[in-house]
Structure formats: C-alpha cells, structure tokens
Amino acid sequence: MNPVARKPPQDALTVRRLRLGIGAVGIALPIVLVVGHLIMAGRPSLLDSLSGYYHTEMRDVFVGSLCAIGVFLISYRYRWPEDLLSTVAGVLAIAVALFPTATEAPVRAASATHRWIAVVHQISAAALFALLAVFCLFLFTRPDRAGVPPRASATRFYRTCGGLILLAITLGLASNALPHDVRDTLKPLLWCEAVAVFAFGAAWLAKSDALFRASEIPEVATPPDPAAAPAAS
C-alpha cells in the first residue's frame, strides 16, 4: 500500500498562518524598535523598556505591531480553552498598545489620568506575558485534536520558552530594586522584555510548523476490493 499525499485542511492552514503571524511579529518587534530608534536618533541610545519606545518616533511601529498581534490572537481559533485565552491575550495586547507606559518625567508632573493609564499598561503587560507563558507551558504541550502528543523535543522547547518568559519577567520586575544609575546603564528591563518576547515568538513559530507537519501526514491508499471489480465478459 502506497501512501497518498493529503492536502492540509483549510482550518489547519488558517491556524498555522495565524501562529506564523503572531510569532513573526513577536520576534521582529524588539529588533525593529531598537534598531529603528538607533537609526532615527542618529546616536547609540537604548530606552529603559520596550514600552518606552511608544514615546519616540517608533510609536506607530510599537502600536501597530501590538495591535496586529492582538488581532491575530483574537482571530485565533483552535480548541477550548485556547480560544478563550487567546482572545483575552489579544485584548491585553491591544490594551498595552493603546494605554502607554509613563514617561521618564517626574511623577508629580504627570496628571492623575496619565498615572492611571500607566497602571493599566503595567497590569495589561504583566497579564499578557503570564498568559503567553501559559500557552507555552500547558497548552502547546497538550496532545493535538487528534490525540497525538507533541514530540518530546518539542515539549522541552515549549517549556523552555515558557520558563524563559516567566524568568525574564520576574527578573525584570526585580530589577526595579536596583539603584537608578545601575538601571540606567544596564537597561535590565529592556533586555528582560526582549528575551520574553523572543521566547514567545519562537514558541508560536515552532507550534505553527508542528501543526502544519501533522496535517500533512500521508494517508494510506486503500487497495481496490476484488469483489467489487466487474466480472470479465
């Protein structure tokens, strides 16, 4: 019996494209923000966080990329509870984009409205990263809809990505306890956020490829039934 190539179903192609889009934008975002700002500023300079690029000439890239990720996540449909959690994550991504972080201006100079906007931004960003870690640690490691579990190497990769997200965000939050001059020199929050975003994007790219390969498993051709053959005249 010879295997017959099977064309991936349309829903598998759609989910794969959404995962590819989420992963590709996630990986590209830190690079584009940092490099773009360096080019536009004309001098070597790094900001304290990725969110800080909202207040630069890279604002449109920051907002547009996060809104694109949000739309991809909201449109993502695979199975319960991924559908619900991806929708929540998409709303949080858009909230991070539309509610900017506080500027480096003195706190007293900021109005109460601006302070509340910054709080919404911080809560949304923390919840978003937590959900992205949940995808890597618990959802991507489950068997697919056909009951086939991911390969052991893939499971280790997803869990590594999820662990990196949690570790990066924990270290980023802990870096707030460092002296201001140390934070200004090392930019720990920026690097931690970049690592978390890279890990998130890499996991979604890997999952999209795994889904596509699973949908291309060849079917075994069924031999013709001799009893169904027409009798020779």
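The structure displayed is predicted, hence computed values, not measured ones. (Residues numbered from 1 in each chain as written. Predicted model: local features only at pLDDT ≥ 70, side-chain atom pairs only at ≥ 80, totals over all residues. Heavy atoms only, no water.)

The next subject is the overall build of the chain. A tally of regular secondary structure across the chain gives seven helices and two strands. Mapped from its N terminus to its C terminus, the chain presents α and β elements in the order β-α-α-α-α-α-α-α-β. Going through the 233 residues of the chain one by one, you find that 38% of them count as buried. Once local pairs closer than 6 in sequence are excluded, the contacts in the chain between residues at least 24 apart make up 73%. For the chain, the accessible surface area stands at approximately 13,000 Å², while carbon and sulfur atoms represent 68% of it. (Helix = DSSP H or I, 4+ residues; strand = E, 2+ residues; numbered from the N terminus. Buried < 20%, exposed > 50% of the residue type's maximum accessible area, 1.4 Å probe, protein only. Contact = heavy atoms within 4.5 Å. Areas by Shrake-Rupley, 256 points an atom, 1.4 Å probe, with all protein chains shown as cover.)

In this structure, T56 sits in the loop between α1 (10-41) and α2 (59-75). Look at T56 and you get buried, because its relative accessible area is 17%. At 3.1 Å, the side chain of T56 and the backbone nitrogen of M58 are in polar contact. In this structure, T56 is in contact with H37 and L47, ignoring residues within four places of it in sequence. (Polar contact = N/O pair within 3.5 Å; in protein donor to acceptor, adjacent residues only side chain to side chain.)

Attention now goes to the side chain of S124. Mapped onto the secondary structure, S124 falls in helix α4 (residues 112-139). S124 sits in the buried class, given a relative accessible area of 6%.

The next thing to look at is the pattern of salt bridges. Applying the stated rule across the entire model yields four salt bridges. Residue E82 is joined to R79 by a salt bridge in which the shortest nitrogen-to-oxygen separation is 3.7 Å. In this structure, E82 and R79 share a single accessibility class: buried. With a closest N to O distance of 3.3 Å, D184 and K187 form a salt bridge. (Salt bridge = Lys/Arg side-chain N within 4 Å of Asp/Glu carboxyl O.)

Detailed reading of the predicted coordinates is not advisable wherever pLDDT falls low. Per-residue confidence for the chain gives a mean pLDDT of 82; residues scoring 70 or more make up 80%. This stretch, residues 1-7, has a pLDDT under 50; its non-local contacts, to residues over four places away or in other chains, come to 17 contacts. (pLDDT = per-residue confidence, 0-100.)

Taking 1.5 Å per residue as the helical rise, α2 with its 17 residues ought to reach 24 Å, and the 24 Å between its terminal C-alpha atoms agrees with that figure. Those residues of α2 that sit buried are F62, V63, S65, L66, I69, G70 and L73. Summarising the axial view, the buried residues of α2 lie within an arc of 165 degrees, below the 170-degree limit, and thus occupy one face. (Expected span 1.5 Å × (residues − 1). Arc of directions from axis to C-beta.)

Bringing the packing of α2 against helix α3 (residues 82-98) into the picture now. The geometry of α2 relative to α3 is characterised by a closest axis approach of 7 Å and an angle of 165 degrees between their N-to-C directions. In terms of axis orientation, α2 runs roughly antiparallel to α3. The crossing of α2 and α3 is left-handed. Across the interface between the two elements, F62, V63, L66, C67, G70, L73 and I74 from α2 touch S86, T87, A89, G90, V91, A93, I94, V96, A97 and L98 from α3. (Axes fitted to C-alpha atoms, helices over the stretch in contact; angles between N-to-C directions. Parallel < 35°, antiparallel > 145°, perpendicular 65-115°, else oblique. Left-handed = near helix turned anticlockwise from the far one by under 90°.)

Note the cis peptide between W80 and P81, where omega equals 0 degrees. With respect to the helices and strands, P81 occurs in the loop between α2 and α3. Backbone geometry places K187, a non-glycine residue, at a positive phi of 55 degrees. You can call K187 buried: its relative accessible area is 10%.

Bringing the packing of α3 against α4 into the picture now. Closest axis-to-axis distance for the α3/α4 pair is 9 Å, and the angle between their directions is 150 degrees. Looking at the two axes, α3 sits roughly antiparallel to α4. In this structure, α3 crosses over α4, and the sense of that crossing is left-handed. Of α4, the residues touching α3 (which contributes E82, L85, S86, V88, A89, L92, A93, A95 and V96) are H121, S124, A125, A127, L128, L131, V134, F135 and L139.

Topologically, L178 is positioned in the loop between α5 (152-174) and α6 (180-186). Judged by its relative accessible area of 35%, L178 falls in the partly exposed class. Between the alpha carbons of L178 and P188 there is a distance of 9.5 Å; along the sequence they are 10 residues apart.

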